[in-house]
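# Descriptive structure summary
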Amino acid sequence: MALLELRGIGRDYTGRARLFGKSLSLRAVLDVSLELERGRILGLVGESGCGKSTTGRIALGLDAPTRGAVFFNGQPMPQAGTPAWKALRRQMQYIFQDPLGALDKRMKIIDQIVEPLHIHGIGAPESRREVAAQCMRDVGLQSHLGEAYPLQLSGGQRQRAVIARALVTQPELLVCDEPVSALDVSIQAQVIGVLTHLQKKLDLAMVFISHDLKLVATIADEVAVMYLGQIVERGSPQQVFSAPAHPYTRVLLDSIPQPLRTTSRPILQGEPPDPSQRPEGCAFHPRCPLAVDACRSTVPVLQPLTDRHQAACHLVSSPSPVMRQSA
Ligand code: SF4
């Protein structure tokens, strides 16, 4: 049984346009289904604003889906803030992009790592400080840094503290949202090394959200590519990155700078469309170099290709192609 399952989730936001007072509906996530087993890493990739973070927040129940349902350990995700959801929180943790924003600047690091143990009543009160100190050692933080405040730490040390704080409750599921993109390149590899080492050691299920395709290719067991709120391709890193089936995935991969590349390759044109003005048919068609007439009117859905490889495109072949009309 999957530890985490998202069944056809969608998330809409409604607001008012300032100029005309009109009500605007933004479909941030549409019909996303995913499963994640213990000990596995799911990489969620795509451009900024494609719905990756919203999907991650919904996975932990931090944000409620407008449609669909989330299951954790086979049980429906309780509503955020309820006692049942609070009880689950020790098993599900989130690591944000900005470690400074995630830490309390007025609290010592050791106190912030101990705090989740107090909140969830884990372990004997007199032993909690030692548990937190061990967690600091596990992430490679020297013990004297426990007495420091966040602003006295480097960016890499702060993110290690955030990881220690997330892991001190021994969660089963970790959602990491761009966990190293705010760090210097030289530090990123160290922090990723700590995260993946502990993920294996603790048999954690991890959703790893990133726009860094190379990084995801090296750590994920499965990859899902998102475009404008939908998954357009999924499969193993080998399938998605070595034999991409969806034109968006191909152009994303071709956009990665390659210093030794001598031939010119297509570069992704234009900005992602405004989610409040979603194109009809395939949402990628205004930017797709291969678009045909059907792409402007008919939404492609994920179709099986080989093994666990799937793509949502009218031009990919499938044993049983399925199409549906635009809503
Ligand atoms: Fe391009 Fe059409 Fe495929 Fe969409 S369905 S990715 S527009 S070819």
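Note that the structure is predicted; figures quoted are calculated from it, not measured. Sequence order sets the numbering: in each chain, residues are counted from 1 along the sequence as written. Local features in this predicted model are restricted to residues of pLDDT 70 or higher, and side-chain atom pairs are both shown and tallied only at a pLDDT of 80 or more, whereas totals for entire chains, interfaces and linings draw on every residue. Where side-chain values are given, they derive from all heavy atoms of the structure, hydrogens and water being excluded.

In this description, a line fitted to the C-alpha atoms serves as the axis of each element, helices being fitted only across the stretch in contact, and the angle between N-to-C directions of two axes falls anywhere from 0 to 180 degrees. Put simply, DSSP marks the helices as runs of H or I at least four residues long and the strands as runs of E at least two long, and each gets a number from the N terminus on. Between helix α4 (residues 109-120) and helix α6 (residues 155-167), the shortest axis-to-axis distance is 7 Å and the interhelical angle comes to 25°. Our classification of the angle between α4 and α6 gives roughly parallel. Of the two possible hands of crossing, α4 and α6 adopt the one that is right-handed. Contact residues: α4 offers Ile109, Gln112, Ile113, Glu115 and Pro116, while α6 offers Ala161, Ala164 and Arg165. Three residue categories are used. Nonpolar comprises Ala, Val, Leu, Ile, Met, Phe, Trp, Tyr, Cys and Pro, charged comprises Asp, Glu, Lys and Arg, and polar comprises the others, including Gly. The class makeup of the residues in the contact of α4 with α6 is five nonpolar, one polar and two charged. Each angle gets one of four labels, with under 35 degrees taken as roughly parallel, over 145 as roughly antiparallel, 65 to 115 as roughly perpendicular, and the rest as oblique. Two helices crossing with the near one rotated counterclockwise from the far one by less than a right angle form a left-handed crossing, whereas a clockwise rotation gives a right-handed crossing. A contact between two residues is defined here by any heavy atoms of the two lying within 4.5 Å.

Along the polypeptide, valine 185 turns up in helix α7 (residues 185-202). Between the alpha carbons of valine 185 and leucine 167 there is a distance of 24 Å; along the sequence they are 18 residues apart.

Any residue with at least one heavy atom within 4 Å of a molecule or strand is counted as near it. Neighbouring the ligand are 13 residues; Cys282, Cys288, Cys295, Cys313 and His314 lie closest to it. For the shell around the ligand, the residue count by class is ten nonpolar, three polar and no charged.

For the rest of this paragraph, the subject is the nonpolar core. Judged by nonpolar contacts, the single largest core of 58 residues is most densely connected at Leu174 and Phe208. When residues of this core are assigned to their parent elements, the largest contribution, six residues, is made by α6. Once residues within four sequence positions are removed from consideration, leucine 174 is found in contact with Gln93, Ile95, Ala166, Leu167, Leu195, Leu204, Ala205, Met206 and Val207. In terms of nonpolar packing, the next biggest core, distinct from the first, is built from 30 residues, Leu4, Leu6, Ile9 and Met77 among them. Nonpolar cores were defined as sets of buried Ala, Val, Leu, Ile, Met, Phe, Trp, Tyr and Cys residues, with membership established by side-chain atoms within 4.5 Å. The rule is simple: take the accessible area with a 1.4 Å probe, protein chains only, and divide by the maximum for that residue type; under 20% is buried, over 50% is exposed, in between is partly exposed.

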